[in-house]
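So you can see what is in the structure, the chains are spelled out below.
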Amino acid sequence: MSVFQHFRAQAGAGPADERVHELYRRLAADVPELSHWWGCHSVGGLTTRVVTATPAGGDPIRMSLSSLRPVDAPASLILLCTPKSRQDGAAVADLVNRPPHPVGSARKAV
């Protein structure tokens, strides 16, 4: 939610931008279970924090989330997720090495 609040704060300068509207349409179609996020109007800054993600059929993965702005492209934002432990790093590597699947499709746990 913090990343989305930060996006809203940045996108607020150009609310008429068709790309912003397209992003909202895709989010609503791809992840309807988070529709309460897409309708929220709160904004916020993005500070370094520990986040936990739990992939379908997997164990929770703890990562440090940081945001970086390139000096030569200040309108750009880089989000960096760094695993907190070796176990978290191994779980990320396992996810990266899985075969790809379409967004929104059901996936069977192995």
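Predicted model, so just to flag it, every value in this text is computed and none were measured. (Residues numbered from 1 in each chain as written. Predicted model: local features only at pLDDT ≥ 70, side-chain atom pairs only at ≥ 80, totals over all residues. Heavy atoms only, no water.)

**Q** Run through the overall build of the chain, naming residues and quoting values.
**A** The helix and strand inventory of the chain stands at 4 helices and 3 strands. In the chain, the succession of α and β elements from N to C terminus is α-α-α-β-β-β-α. A total of 110 residues make up the chain; the buried ones form 13% of that total. For the chain, the share of sequence-separated contacts (at least 6 apart) that also reach a separation of at least 24 residues comes to 35%. (Helix = DSSP H or I, 4+ residues; strand = E, 2+ residues; numbered from the N terminus. Buried < 20%, exposed > 50% of the residue type's maximum accessible area, 1.4 Å probe, protein only. Contact = heavy atoms within 4.5 Å.)

**Q** Could you give an account of the pairing of strand S2 (residues 61-68), naming the residues involved and the relevant values?
**A** Across 5 bridges, the pairing between strand S1 (residues 49-53) and S2 is antiparallel. Residue Val 51 lies in a different strand from S2, and its bridge partner there is Met 63. (Pairing = 2+ DSSP bridges.)

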